[in-house]
Amino acid sequence: MYSYMDRIGLINLTRNFYKTAKSMRSKSDISINPSSLQYVEDLYLAWLKDPNSVHPSWALYFQSSAAGGVGYTRKHPSTFIGKNEMPLGEYLKKYGHPQVHSHSLSTQNLVAPASSYDEIEDHAAVKNLVSSYQDQGYLAADLDPLGITTKKRKDKIEKWKIDSGFYRRGLDKPEKLREKYLIPHDSFLGPDKMPLSEIIQRCEEVYTNHIGAEYRYINDTDKIKWIRQRLEPPGVAVLTKEKKIKLWERLVRTTVFEAFLAKKWSSEKRFGIEGCEILIPAMKEVIDQSTKRGVENYIIGMSHRGRLNTLVNVCRKPLHQLFAHFIGLEAAEVGAGDVKYHLGTFAKVMNRTNNKIINISLVANASHLEHVNPVCLGKCRAEQFFLGDRKGDLVMPILIHGDSSFCGQGIVFESIQLSDLPHFTCFGTTHFIVNNQIGFTTDPRFYRSSPMCTDVARVVNAPIFHVNADDPEAVYNVCKVAADYRKTFKKCVVIDLVCYRRNGHNEIDEPSFTQPLMYQIIRSKPPVLHDYTKKLVAEGVLTKEREKQYMEEYDRILEDGLEASRKETHVKLTHWLDSPWVGFFKGKDKYEVKSTGVNEKILKHVATVFSSPPVPELKFKLHKGIDRILKQRMEFVEKRITDWSLGEALAIGSLLAEGIHVQFTGQDVERGTFSHRHHVLHHQEIDKVTYNALQNLFPDQAKYSICNSSLSENAVLGFQLGYSTHNPKCLVIWEAQFGDFANTAQAIIDTFVTSGQTKWYRQSGLLMLLPHGFEGMGPEHSSGRIERFLELCDDDPDRTPKIDDPQFDIKHLYDTNVILANVTTPGNLFHMWRRQVYLNFRKPCVIFTPKFLLRHPGARSSFDEMVEGTFFQPVYPDKVVTSGAKRLIFCSGKVYFELEEERAKRNLVKDIALVRIEQFCPFPYVSVKKELEKYPDAQIAWVQEEHKFQGAWAYVAYRINHLLKKQKDVLYIGRPVSASTAAGNKNLHTKEHENFIAEAMKI
């Protein structure tokens, strides 16, 4: 730290030096540039620490001009009060403003040493060269184990020497290379002064050898200095004999495991890690270092390459359980299962390096490579919440990526953008890139425009350590620095393992069709284990006998695991759960049906607090519109009535009262897209001051977390899904801005939400809200695509339902993969939200929520519909027409209210019965059958506002016909077929609406 006077002195002396040099430019060939001034600064700072460390002429120069005036002698820092560093305000109060004299240094009163300007130019060239290594060394580092990019890296180094003035100043001459130069004060390459040849050697060792450190874009000088302190000092990368042996042993287990699988199942796809065997020791080293620093839980997300090796050698999956999948046994549980290189697991293991118990979760993933990223982050965030880990000290995510997918898939950018958001951060993720230098069959020049595949990580200032994967010790050192960085700064860090892929995309693929020259090199190249073993033997660290013994020992372990697997009769999906809910299912009747109603006192209390402004003591200035909304809500409370916003609040507030944590996010959810919710109120006169009534209901309530998300559907939905899988005792909600926008998260919906349980035996109670309704807002703002979600249901229409079973509804609910609903009352919404927590199992639930009905007077519920003893209603019968109707109309959503209004206008109340289906899947056979039996002679019609073959028509009609047993056909009434979800032309929209409403009224 330097004092205020030190800084004033530095400003003045550089100003004076610049003036002096400028006046002399006509007398000599002097080039004054920022590097020249930087050199003067370096000399000055060195003089401050030790006046004898610089040439006497420079010492006199600094002493005379430290405060800007000739003859001024700077006081030693110890004369300042208390400390070298004095706060500016305190200094000015005590001493006043320092004087900057107009007669500052000039050619008449004080001149720098005669030889200084040539010296400065030389030092500036050296400074520029060092900066080039620090700034761009990664672009010239020896990273490619195949040696394909060697010429390019040499060209870059030559360009730096040209641009820095290295050749122009003649620094390549032997006498100049022997001369000592001052090291920049913010570097740690060695002593303050070193021979130029040693400076270059140190720069090449640190920045252009097998590690390429990319960090200079980070806008935090403390982080830059921290990184240099761990990379640059001589000897910092030297490993002890014990560490080398441990690294070698881990490399043996990784390599021998892959060889064993290749030998036993040569024609099986396994997506092995050959060519990047160092990944496993690298992961283990990050875990070792992080465990040493207090981390106890690791959440790992990765695609298929290297997953089997990770399962065995990182998660310590029992070998017989994995090998049973190769044998091809049947599953013990109901479910489709998944290929072995997609499976996840959970393990509680002893970290032998630190003698600490740690938990490792490897999250199951589909073939959509990077889509596991946000799922992993959401699970990590949930674990941090439930452990009370508010700073990421106990739980840490690790993500493993491919080179082409990391730069090619948008989900990577969306996920990384969550890393520093307050409600989404996991306090730093360690990212590994398995950089094959190829994407399936595509060369890097065709799969990315950026210089490096890792450039996406620069947006969050994550340091990126590129490392040659064939140098195990370089990888070890990078992993140590990365783990320490994450612990120190709680920020993301990237380790780019530049490697190759020994086989094709999988083991039965032929890569030389498309990369013939690359694979000529690869096939002549021995594995990294071979070279590292040879190195350790040459160093005397390892003996040939120990090598043979250890490999034979591990081979026997693998053979024993294979023998044990042959005794297995089934594979068990429960062995592969990445989130085992210990004790949750024990002793529970999965078919138990509980009332989701709540004591009216709690309802009244939640509704009252939610409808009241902040207490006067807070002096919280409300928006006039909010004040009006709160008063209207209070009127509803006094009448024991709820609108949509109150229904949501009562569901959330009552769960919070019961100790159930609620996590709610999505775009604009705090206010609500349609300005109905207003859970977070904003002070109108003080920025960033907010109030949330639902966080202030009860002294001992659970935490309610609601926050607006980034403008991402794919990553945020994945994050919420991951959050929901960690602990079943919470309600996790994601709301789309419009239901239409869920299509940008379709990969998460298809491969995780609706199929996760059948593939991985993993349950989730995720609640998705998709605003849906045709109101003339055109395509992309009208339809949540009900039909797409119904196609994802595994509810078989041809299976004869046993509806006489008194437990049919709950059994049907248990058997289905997802719940789909289009509720029309706040009372039903209240029950459906609470049912997500009250079931003795978990199912994802998708609700197509309204827009038009948010303030519709018909879409209100009495407290009587929500008190104890009440339940969700899958079907609302017609309350007026109970028999004798000529036409029975089934419908869903807001169209019911439009039909009801038109029926009244035409005086057809006795002739047309209107029945609302509130839940599509599982289909409410029992309730629908009751309605059909009420009107045996009526014509049956399904009315929807969606276009034909969109909406629920095909799904519902098939099932109603099943109940009718072909005695009648269900008539379709709705919009005609269309390639677009909705008409953008207002006139056409209105005509379509009028036509199908009129058609529905025909008898």
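Residues numbered from 1 in each chain as written. Predicted model: local features only at pLDDT ≥ 70, side-chain atom pairs only at ≥ 80, totals over all residues. Heavy atoms only, no water.

Notes on the overall build of the chain
Stage number 1. Looking only at helices and strands, one finds 34 helices and 26 strands in the chain.
Stage number 2. Expressed as a percentage of its 1003 residues, the buried residues of the chain come to 59%.
Stage number 3. Long-range contacts, defined here as pairs at least 24 residues apart, represent 81% of the contacts in the chain between residues at least 6 apart.
Stage number 4. Surface accessibility of the chain: about 42,100 Å² in total, with carbon and sulfur atoms responsible for 52%. (Helix = DSSP H or I, 4+ residues; strand = E, 2+ residues; numbered from the N terminus. Buried < 20%, exposed > 50% of the residue type's maximum accessible area, 1.4 Å probe, protein only. Contact = heavy atoms within 4.5 Å. Areas by Shrake-Rupley, 256 points an atom, 1.4 Å probe, with all protein chains shown as cover.)

Here we look at the pattern of salt bridges
Stage number 1. A complete count under the given rule lists 48 salt bridges for this structure.
Stage number 2. A salt bridge links arginine 677 to glutamate 648, with the shortest nitrogen-to-oxygen separation between them at 2.9 Å. One end of the pair, arginine 677, is in the loop between strand E12 (661–666) and strand E13 (681–682); the other, glutamate 648, is in helix H24 (residues 644–657), and 29 residues separate them in sequence.
Stage number 3. Here the salt bridges share partners, and the residues they tie into one network are Lys244, Glu473, Lys535 and Glu539. (Salt bridge = Lys/Arg side-chain N within 4 Å of Asp/Glu carboxyl O.)

Observations regarding the side chain of asparagine 840
Stage number 1. Tracing the sequence through the fold places asparagine 840 in the loop between helix H30 (826–838) and strand E19 (845–847).
Stage number 2. For asparagine 840, a relative accessible area of 4% puts it in the buried group.
Stage number 3. A polar atom in the side chain of asparagine 840 sits 2.7 Å from the backbone oxygen of aspartate 589.
Stage number 4. One polar contact links asparagine 840 to lysine 594, side chain to side chain, over a distance of 3.0 Å.
Stage number 5. Not counting residues up to four positions away in its chain, the partners in contact with asparagine 840 are Phe584, Phe585, Lys588, Asp589, Lys590, Glu592 and Lys594. (Polar contact = N/O pair within 3.5 Å; in protein donor to acceptor, adjacent residues only side chain to side chain.)

Details of the packing of aromatic side chains
Stage number 1. In total, this model carries 29 aromatic pairs according to the counting rule given.
Stage number 2. Members of the aromatic cluster, each reached through a chain of ring pairs, are Phe260, Trp265, Phe323 and Phe326.
Stage number 3. The positively charged end of lysine 340 is found above the aromatic ring belonging to phenylalanine 326, 4.6 Å away from the centroid.
Stage number 4. One cation-aromatic arrangement involves lysine 843 over tyrosine 814; the distance from NZ or CZ to the ring centre is 5.6 Å. (Phe/Tyr/Trp six-rings, centres within 6.5 Å; stacked < 30°, edge-to-face > 60°. Lys NZ or Arg CZ within 6 Å of the ring centre and 35° of its normal.)

Some remarks on the environment of alanine 859
Stage number 1. With respect to the element layout, alanine 859 can be found in the loop between E19 and strand E20 (861–862).
Stage number 2. Classification of alanine 859 as buried rests on a relative accessible area of 0%.
Stage number 3. Separated by 32 residues in the primary sequence, alanine 859 and glycine 827 have C-alpha atoms spaced 9.1 Å apart.
Stage number 4. Those residues in contact with alanine 859 that sit more than four places away from it in its chain are Thr642, Asp643, Thr824, Pro826, Leu853 and Phe897.

As for the confidence of the model for the chain
Stage number 1. With 90% of its residues at a pLDDT of 70 or more, the chain has an overall mean of 89.
Stage number 2. Across residues 22–32 the pLDDT falls below 50, and counting only partners more than four positions away or on other chains, this stretch makes 10 contacts in the model.
Stage number 3. Within the model, pLDDT remains below 50 along residues 66–89, and this stretch shows 41 contacts once partners closer than five positions in the same chain are excluded. (pLDDT = per-residue confidence, 0-100.)

Notes on the sheet that holds strand E24 (residues 919–921)
Stage number 1. Pairing in this open sheet of 7 strands is mixed, and the strands run E15-E12-E16-E17-E19-E18-E24 from one edge to the other. Looking at the sheet topology across the chains shown, the edges are occupied by strand E15 (704–708) and E24. Put simply, the sheet's adjacent strands are angled 15 degrees from each other on average, direction ignored.
Stage number 2. Two elements, E12 and strand E16 (residues 730–735), share 6 bridges in a ladder whose sense is parallel. Bridged to valine 662 within E16 is leucine 731. (Pairing = 2+ DSSP bridges. Axes fitted to C-alpha atoms, helices over the stretch in contact; angles between N-to-C directions.)

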